[in-house]
Amino acid sequence: CGQTQVRNIFFHAGAYGGKKWTDNLHFEYFNGPHAVPREWHRAPEMQETMRQFGPDYWLYYGFEPPIELGGINSSSEVWVKFDETIDKLADFLRDNGPYDGLCGFDQGGCVIMQAARLAAEGDKRFAHKFRFLILFTTVLPKAILKQASFRPSAPLNIPTIVSFSLSDFSRPFPSFEEAALFFDEGCREVLVHPDGHIPPKFTEKMLNTDRLRTF
């Protein structure tokens, strides 16, 4: 839920400064550390979509209850092995950072938002490692869940693009809208799109493309 989607976003985006985004920006990737079979995704159509990215498949975290038992959106949803992923991200940033910014889709976006929260709370592993975020389809655990502490206790003051679709039915719509509210209004740029559970398209002459350029 990170490398392929993020790479494709900027590879196909409208030109920036007369060049492709991939000519202007250097990308490095932190892949999910947890191996899973392609059948991990319960939707047959998604299993087929994911086939092209195999033969190895990786997650940033799993779900409890398991995804096949409705772990996503369960009233008792827990992000399994999330702490291990955060530790590995800290190691990655230590060994390869700092970076201008971090970008993630779905689980990747959730992970880097948590890195920003930890930095704001004084976790030195994430201090001065990045200066902005681009979050595609990012959510937070519910306030009533075991991981309610993942919800920032104050608005995050880091320049951030938060993007989600008005027709993404993978989670209740307020889940995506809510994530934007945890960033200070003066720091956030919210981009919505109609294309479902995928990152937005940034083609020429689109308003979102102009807003990304300005950001």
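Residues numbered from 1 in each chain as written. Predicted model: local features only at pLDDT ≥ 70, side-chain atom pairs only at ≥ 80, totals over all residues. Heavy atoms only, no water.

K.L.:
Explain the side chain of His 34 residue by residue, including any values.
P.N.:
Relative to the helices and strands, His 34 resides in strand β1 (residues 34-36). According to the relative accessible area criterion, His 34 is buried, its value standing at 10%. Polar side-chain contacts of His 34 include one of 3.3 Å to the backbone oxygen of Lys 81. Once residues lying within four places of it in the same chain are set aside, the contact partners of His 34 are Tyr 57, Trp 58, Leu 59, Tyr 60, Tyr 61, Lys 81, Glu 84 and Thr 85. (Helix = DSSP H or I, 4+ residues; strand = E, 2+ residues; numbered from the N terminus. Buried < 20%, exposed > 50% of the residue type's maximum accessible area, 1.4 Å probe, protein only. Polar contact = N/O pair within 3.5 Å; in protein donor to acceptor, adjacent residues only side chain to side chain. Contact = heavy atoms within 4.5 Å.)

K.L.:
Outline the pattern of salt bridges, listing residues and values.
P.N.:
According to the stated counting rule, one finds eleven salt bridges in the structure shown. Among the salt bridges present, the one from Arg 171 reaches Glu 77, with a minimum N-O distance of 3.0 Å. In this pair, Arg 171 is assigned in the loop between β7 (160-165) and α6 (173-180) and Glu 77 in the loop between β3 (62-64) and β4 (78-80), connecting sequence segments 94 residues apart. Here Arg 125 and Asp 87 are joined by a salt bridge, their closest N and O atoms 2.8 Å apart. Here the residue Arg 125 occupies a position in the loop between α5 (107-120) and β6 (132-136), and Asp 87 occupies one in helix α4 (residues 82-96), the gap between them amounting to 38 residues. On the basis of relative accessibility, which here comes to 34%, the residue Arg 125 falls in the partly exposed class. Salt bridges sharing common partners tie together Asp 87, Asp 123 and Arg 125. (Salt bridge = Lys/Arg side-chain N within 4 Å of Asp/Glu carboxyl O.)

K.L.:
Talk me through the nonpolar core; I want residue IDs and the actual numbers.
P.N.:
The biggest cluster of nonpolar side chains holds 35 residues, and the ones touching the most others in it are Tyr 61, Trp 79, Leu 93, Phe 126, Phe 130, Leu 133 and Phe 183. When contributions to this core are tallied by element, the ones reaching two or more residues are α4, α5, β6, β7 and α6. With seven residues, α5 is the largest single contributor of residues to this core. Those residues within four positions of Phe 130 in sequence are excluded, and the remaining contacts are Leu 93, Tyr 99, Asp 100, Gly 101, Leu 102, Ala 115, Ala 116 and Ile 158. By size, the runner-up hydrophobic cluster in this structure holds nine residues, among which are Phe 10, Trp 21, Phe 105 and Ile 134. (Core = buried A, V, L, I, M, F, W, Y, C linked by side-chain atoms within 4.5 Å.)

None of the figures reported here should be taken as evidence of function without further support.
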